[in-house]
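Analysis of the macromolecular model
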Amino acid sequence: MNTPNPSHPPLPPLPPLPTSEQIRRAPKVLLHDHLDGGLRPGTIVDLARAGGYTALPETDPDKLGAWFREAADSGSLERYLETFAHTCAVMQTREALVRVAAECAEDLAADGVVYAEVRYAPEQHLEGGLTLEQVVEAVNEGFRLGERRAKEDGNRIRVGALLTAMRHAARSLEIAELANRYRDLGVVGFDIAGAEAGYPPTRHLDAFEYLKRENNHFTIHAGEAFGLPSIWQALQWCGADRLGHGVRIIDDIHTGEDGSVRLGRLAAYVRDKRVPLEMCPTSNLQTGAATSYREHPIGLLRRLHFRVTVNTDNRLMSGTGMSREFEHLVTAFGYTLDDMQWFTVNAMKSAFIPFDERLAMINEVIKPGYAELKAEWLFRAESAAPPVASDSVRQGG
Ligand SMILES: O=c1[nH]cnc2c1ncn2[C@H]1C[C@H](O)[C@@H](CO)O1
Ligand SMILES: [Zn+2]
């Protein structure tokens, strides 16, 4: 044993990095998750069989899950989006939508998500004869069912819906009106998604102006496959409350050789105005918006105190979940439970539900949940499970 050196009193021990199990139990908040990007592979197989859809590339659930992950791993957003033809094809009836939405809520709750905003494009679910309203009501019914089932399993979750309009189509005003009609009835906001290059958000200005006049909320996928002009339009022309991805804001952040950092006008605006960035690390690696977890802009943006949040985007296509995303970040950047809490509080502050409810979630659910986890290491036996990352990574982060 080393004899303690009285001239160098030992530093208080650093809390260890969170274990995978702690990451799963930690309360998490998810703002960017696509309903049609998160189906269980087994459910796709069941629904395809029941609905007579014969174009699935695989009928074994494990192989089908692997197919989605590989097909989405092309480095191109356009190719990534092609895989949604199969999930949307099996989500065309009320029963299918109820089942998929219920399972979504249950799966998120089992992964420790306490609040989620899940988005989908109602216009993509009309092929079986449902109206836009019937689609929204079926998904809401599914979310409520999933919340109840999760509660029976001892997991608390609250799920709000975001209605997405597809940016290559021309139904955004209609979908914005739909979102407004179902406001306070399960729908908490609006979004546009789909291929970014060639489809600037200003094509949908009438929808955004309508929502602003109605004092409603919206986020815009921007700065994922296209750069700063897309982010600038989303904020300064359209008035987005949040940015879906927004990773390309890094193009307006300049690091000097001495390590000094200078923000351009747009990046400074995003940080000063506390614009929430819905970052989805694994999805960004698959579409080519980032090259590795360690080089993902989230590391620098967190250090610079942008309002960054961590999200899944498409759990099926990315083979991920909220815990998995955090595990990747803990490994890459050495994040602690304090960092996780910071991301989670950021997300809850940026949610589209009323302020008093957000505050109550932060004070009554999130902070107590992290406080409990943070105290665990004090009582941990020496033989406890190892952390997910090594200390060397942590010091480097
Ligand atoms: O990351 C994305 N960027 C742009 N569009 C996306 C992304 N993930 C999913 N989508 C599209 C495909 C879905 O069918 C649609 C609605 O959820 O949104
Ligand atoms: Zn997305």
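Note on numbering: residues in each chain are counted from 1, in written sequence order. Chains and ligands are labelled sequentially in the order written, the chains with letters from A and the ligands with numbers from 1. Only residues with pLDDT of 70 or above have their local features reported here, since the model is predicted, and side-chain atom pairs are shown and tallied only from 80 upward, although totals for entire chains, interfaces and linings are computed over all residues. Values shown for side chains rest on all heavy atoms present in the structure; no hydrogens or waters enter the calculation.

Going by what an unreviewed UniProt entry lists, the protein chain is known as Adenosine deaminase and is assigned to Actinacidiphila acididurans. UniProt positions are given in the numbering used here, feature names are shortened, and annotations may be inferred rather than shown by experiment. Reading the Sequence similarities (unreviewed entry) entry of the UniProt record for the protein chain gives the comment "Belongs to the metallo-dependent hydrolases superfamily. Adenosine and AMP deaminases family. Adenosine deaminase subfamily." Under Function (unreviewed entry), UniProt gives the following word-for-word description of the protein chain: "Catalyzes the hydrolytic deamination of adenosine and 2-deoxyadenosine."

Next up on the list: the coordination of the zinc ion (ligand 2). At 2.1 to 2.2 Å from the zinc ion (ligand 2) lie its protein donor atoms, namely His 32 (NE2), His 34 (NE2), His 221 (NE2) and Asp 313 (OD). In this structure, the zinc ion (ligand 2) is coordinated by four donor atoms arranged in irregular fashion, with angles at the metal of 83 to 170°. Looking at Asp 313, the relative accessible area reads 3%, which means it is buried. Metal coordination here is assigned from N, O and S atoms located within 2.8 Å of the ion, or within 3.2 Å for Na, K and Ca; omission of water means that sites may look incomplete. Only four donors with every angle between 85 and 135 degrees are called tetrahedral; only four or six donors with opposite donors over 155 degrees apart and all others between 65 and 115 are called square planar or octahedral, in that order; all others are irregular. Buried means the residue's accessible area, taken with a 1.4 Å probe over protein chains only, is under 20% of the maximum for its type, while exposed means over 50%, and partly exposed covers the values in between.

Let us now look at the site of ligand 1. The rule for a residue being near a molecule or strand is that one of its heavy atoms must lie within 4 Å of it. Within the structure, ligand 1 sits among 16 residues, and His 34, Asp 36, Gln 124, Glu 224 and Asp 313 are positioned closest to it. Here a polar contact is taken to be a pair of N or O atoms separated by no more than 3.5 Å, where protein atoms must pair a possible hydrogen donor with a possible acceptor and residues adjacent in sequence count only if both atoms sit in side chains. Measuring from a nitrogen atom of ligand 1, one finds a side-chain N or O atom of Glu 224 at 2.8 Å. Out of a free accessible area of 410 Å², ligand 1 has 99% covered by protein chains. In the scheme used here, Gly and all other residues not listed as nonpolar or charged are polar, with Ala, Val, Leu, Ile, Met, Phe, Trp, Tyr, Cys and Pro taken as nonpolar and Asp, Glu, Lys and Arg as charged. Of the residues contributing to the shell around ligand 1, the split by class is seven nonpolar, six polar and three charged. There are two domains that each give the shell around ligand 1 at least three residues, and those are domain 1 (20–39 + 95–379) and domain 2 (41–90). Here the accessible surface of atoms and residues is derived via Shrake-Rupley with a 1.4 Å probe, and residues count as covered only by protein chains that are part of the display. Segment limits for the domains were obtained from an automatic or database-derived domain assignment.

By convention, a stacked pair of Phe, Tyr or Trp rings (six-membered ring in the case of Trp) has centres within 6.5 Å and planes under 30 degrees apart, an edge-to-face pair has planes over 60 apart, and any other such pair is tilted. Evaluation of the coordinates by the stated rule reveals nine aromatic pairs. Taking 5.1 Å as the distance between ring centres and 80° as the angle between the ring planes, the aromatic pair formed by Trp 67 and Phe 68 counts as edge-to-face. The exposure class of Trp 67 is partly exposed, given its relative accessible area of 25%. In this structure Phe 68 comes out as buried when scored by relative accessible area, which is 0%. Here a set of aromatic residues connected by ring pairs shows up, and it is made of Phe 326, Phe 333, Tyr 335, Trp 342 and Phe 343.

The next subject is the layout of surface pockets. A cavity here means a set of points on a 1 Å grid, drawn over the protein atoms and nothing else, where a 1.4 Å probe fits but cannot get out; a pocket is an open set with protein on both sides within 12 Å along at least five of seven lines, and a residue lines either one if it has an atom within 4 Å of a point. Grid points are joined across faces, edges and corners, and a volume is the space filled by probe spheres set on the points. Estimates place the volume of the largest pocket at around 460 Å³. Around the largest pocket, the lining comprises 19 residues; the ones closest to its centre are Arg 25, Pro 27, Val 114, Arg 156 and Val 365. Put simply, the parts of the chain that give the lining of the largest pocket at least two residues each are α1 (20–25), α6 (94–110), β2 (113–120) and α17 (355–376). For the lining of the largest pocket, the class distribution of residues is nine nonpolar, four polar and six charged. Put simply, DSSP H or I for four residues or longer makes a helix, DSSP E for two residues or longer makes a strand, and each gets a number counted from the N terminus.

Quick look at the pairing of strand β5 (residues 218–222) now. Burial analysis of β5 places five of its five residues in the buried class, which makes it a mostly covered element. What you see with β5 is no split at all: Phe 218, Ile 220 and Ala 222 on one side and Thr 219 and His 221 on the other are buried throughout. In terms of handedness, the path from strand β4 (residues 187–193) via helix α9 (residues 205–213) over to β5 forms a crossover that is right-handed. Sheet analysis places β5 next to strand β6 (residues 242–245), joined by four bridges and oriented parallel. Within β6, the residue paired with Ile 220 across the bridge is Leu 243. For the segment spanning β5, helix α10 (residues 228–237) and β6, crossover handedness is right-handed. Call a crossover right-handed when, viewed with both strands pointing away from you, the route from the first strand across the helix to the second goes clockwise. DSSP calls a pair of strands paired once it identifies at least 2 bridges connecting them.

The axes are straight lines fitted to the C-alpha atoms, using for helices just the contacting stretch, and the angles between their N-to-C directions are given from 0 to 180°. One way to put it is that α6 packs onto helix α7 (residues 132–152) with a least axis distance of 7 Å and a crossing angle of 35°. The two elements α6 and α7 cross, and the hand of that crossing is right-handed. Of the residues in α7, those in contact with Arg 94, Leu 97, Val 98, Ala 101, Ala 102, Cys 104, Ala 105, Glu 106 and Ala 109 of α6 are Val 135, Ala 138, Val 139, Glu 141, Gly 142, Phe 143, Leu 145, Gly 146, Glu 147, Arg 149 and Ala 150. We call a crossing left-handed when the near helix sits turned anticlockwise from the far one by less than a right angle, and right-handed when that turn is clockwise. It only takes one pair of heavy atoms within 4.5 Å for two residues to be counted as in contact.

Attention shifts here to the sheet that holds β2. The eight strands are arranged β1-β2-β3-β4-β5-β6-β9-β10 in an open sheet whose pairing can be described as parallel. At either end of the open sheet lies a strand with only one pairing partner, and these are β1 (28–34) and β10 (308–310). Across this sheet, the average inter-strand angle for adjacent strands is 25°, counted without regard to direction. Two elements, strand β9 (residues 277–279) and β10, share three bridges in a ladder whose sense is parallel. Counted as the bridge partner of Leu 277 is Val 308 from β10. Strand contacts of α6: β1, β2 and β3 (158–166), with the helix running at about 145° to β2, the strand carrying the most contacts. Seen against the sheet, helix α16 (residues 337–349) touches β1, β2 and β10 and runs at an angle of roughly 100° to β10.

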